[in-house]
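The residues making up each chain are set out below.
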Amino acid sequence: MSRLQQKVVIVTGAAVGLGRAMVIRMAQEGAAVAAFDVNDGEGQALAAEQRERGLDVHYWHCDVSREAEVAQAIGDVVTKFGRLDAIVNNAGVAGVSKPTHEISEAEWDFVQAINVKGVFFGTKHAVPQLRKAGGGSIINLSSIYGLVGAPDVPPYHASKGAVRLMTKTDALLYARDRIRVNSIHPGFIWTPMVAGYLRDGGAPEAGHAALAALHPLGHIGEADDVAWGAVYLVSDEAKFVTGAELVIDGGYTAR
Ligand SMILES: NC(=O)c1ccc[n+]([C@@H]2O[C@H](COP(=O)([O-])OP(=O)(O)OC[C@H]3O[C@@H](n4cnc5c(N)ncnc54)[C@H](O)[C@@H]3O)[C@@H](O)[C@H]2O)c1
């Protein structure tokens with residue numbers, strides 16, 4: 001229960017899904033957690049619930065695709081907690097699932113603005129604070145869709161491939177500052193994003209079974225499966241881990 005004692009961690013896209021699970025696990029492990037999201041209702045409720053349980057969780061409205069909001073919110077976190085030790089660049093959207101030749105420029109840009117530029121802004125404004133703290137951890141949410149192809153969501157695949165290599169470049173750039181930068185690559189995990197993906201596909205129950213079958217372990221993952229990976233990468237247990245791809249996918253990419 002104390003793997004992250006005295007650490008201050010930001011999680012973006014924290015109101016629901018993987019972000020929410022990470023906030024709870026990190027706070028339970030002793031971190032002070034700043035939850036960033038645009039879903040203020042769910043975000044505020046999450047922070048209030050966790051504080052009632054005695055955990056140190058606070059919510060900030062922050063659209064990761066807007067640099068001024070990211071800069072302001074990270075500054076506010078450091079003012080409140082006095083330091084920053086880690087950021088999880090988790091906020092992401094699935095975007096449209098259409099063949100590439102049917103996608104509009106606006107549909108393409110929408111996904112890149114959140115999934116790619118959001119990671120850039122989070123990293124850009126966290127690095128000076130992590131340097132001041134003498135080092136830290138940056139975790140970027142890529143995906144199995146940043147490792148292998150599938151015949152769907154082309155803008156999402158592009159974005160997650162970009163995040164994979166942004167992670168490696170930043171791992172090399174900031175190693176001398178003792179800032180570790182790693183990516184997490186989940187398989188399909190049961191969150192509002194995947195529920196929406198199945199709904200858009202038409203037959204959610206058949207879709208659920210088909211998705212489960214893609215994972216050799218035979219089922220879709222749980223948000224906690226990824227949250228524990230993030231706890232590890234923020235913790236000092238991972239002090240020699242940088243530029244790595246932590247694949248949490250029930251064997252999806254092992255074939
Ligand atoms: N669930 C999966 O199967 C899966 C698999 C691989 C990778 N991922 C990645 O993990 C991350 C989290 O996924 P999830 O399934 O929890 O998604 P989700 O849609 O369930 O939750 C995403 C959260 O991000 C927030 N968000 C969206 N746009 C934002 C913005 N501009 N600024 C700030 N917050 C914003 C949403 O309000 C929401 O709270 C994403 O980057 C996703 O691509 C998810």
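In case you missed it, the structure is sitting above this.
Residues numbered from 1 in each chain as written. Predicted model: local features only at pLDDT ≥ 70, side-chain atom pairs only at ≥ 80, totals over all residues. Heavy atoms only, no water.

On to the overall build of the chain. Across its full length, the chain carries nine helices and seven strands. Scaling as 2.2 N^0.38, a compact globule of 255 residues should have a C-alpha radius of gyration of about 18 Å, and the chain matches this with 17 Å. Across the chain, the fraction of contacts at a sequence separation of at least 24, relative to all contacts at a separation of at least 6, is 72%. Accessible surface, the chain: about 11500 Å² in total, of which carbon and sulfur atoms supply 55%. Measuring between centres, the 23 positive side-chain charges of the chain sit 8 Å from its 28 negative side-chain charges. (Helix = DSSP H or I, 4+ residues; strand = E, 2+ residues; numbered from the N terminus. Rg over C-alpha atoms; globule rule 2.2 N^0.38 Å. Contact = heavy atoms within 4.5 Å. Areas by Shrake-Rupley, 256 points an atom, 1.4 Å probe, with all protein chains shown as cover. Lys, Arg positive; Asp, Glu negative; His and termini not counted. Charge placed at Lys NZ, Arg CZ, Asp CG, Glu CD.)

With that settled, consider the sheet that holds strand β7 (residues 245-248). Read across the sheet, seven strands follow the order β3-β2-β1-β4-β5-β6-β7 without closing on themselves; strand pairing throughout is parallel. With one partner strand each, in any of the chains shown, β3 (57-61) and β7 form the two edges of the open sheet. Each neighbouring strand pair of the sheet contributes to a mean axis angle of 20°, computed without reference to strand direction. Pairing of strand β4 (residues 86-89) with strand β5 (residues 136-141), which is carried by four bridges, proceeds in the parallel orientation. When the bridges of β5 are listed, Ala86 appears paired with Ser137. Where helix α1 (residues 17-28) meets the sheet, it contacts β1 (8-12), β2 (32-37), β3, β4, β5 and β6 (179-186), and its direction lies at approximately 170° from that of β1. (Pairing = 2+ DSSP bridges. Axes fitted to C-alpha atoms, helices over the stretch in contact; angles between N-to-C directions.)

Turning next to α1. Across its 12 residues, α1 extends 17 Å between first and last C-alpha, which sits within 8% of the 16 Å expected from 1.5 Å per residue. By the criterion of burial, α1 is predominantly enclosed, with 10 of the 12 residues buried. If you check which residues of α1 are buried, you get Gly17, Leu18, Gly19, Ala21, Met22, Val23, Ile24, Met26, Ala27 and Gln28. In the segment just after α1, Gly30 is the residue with positive phi, at about 100°. (Expected span 1.5 Å × (residues − 1). Buried < 20%, exposed > 50% of the residue type's maximum accessible area, 1.4 Å probe, protein only.)

Around the ligand, the structure places 28 residues, and the nearest of them are Asp37, Asn90, Tyr156, Ile189 and Thr191. For the ligand, an oxygen atom lies 2.6 Å from a polar atom in the side chain of Asp37. In the environment of the ligand, an oxygen atom lies 2.9 Å from a nitrogen or oxygen atom belonging to the side chain of Lys160. Considering the ligand on its own, with 830 Å² of exposed area, one finds that the protein chains cover 92% of that surface. Listing elements by their share of the shell around the ligand, those giving two or more residues are α1, α6 (154-174) and α7 (192-200). Here the shell around the ligand takes three residues from α7, the largest share from any one element. Here the shell around the ligand is built from residues that sort into 16 nonpolar, nine polar and three charged. Looking at which domains feed residues into the shell around the ligand, each of domain 1 (8-186 + 222-247) and domain 2 (190-220) gives three or more. (Near = heavy atom within 4 Å. Polar contact = N/O pair within 3.5 Å; in protein donor to acceptor, adjacent residues only side chain to side chain. Nonpolar A, V, L, I, M, F, W, Y, C, P; charged D, E, K, R; others polar. Domains from an automatic or database assignment.)

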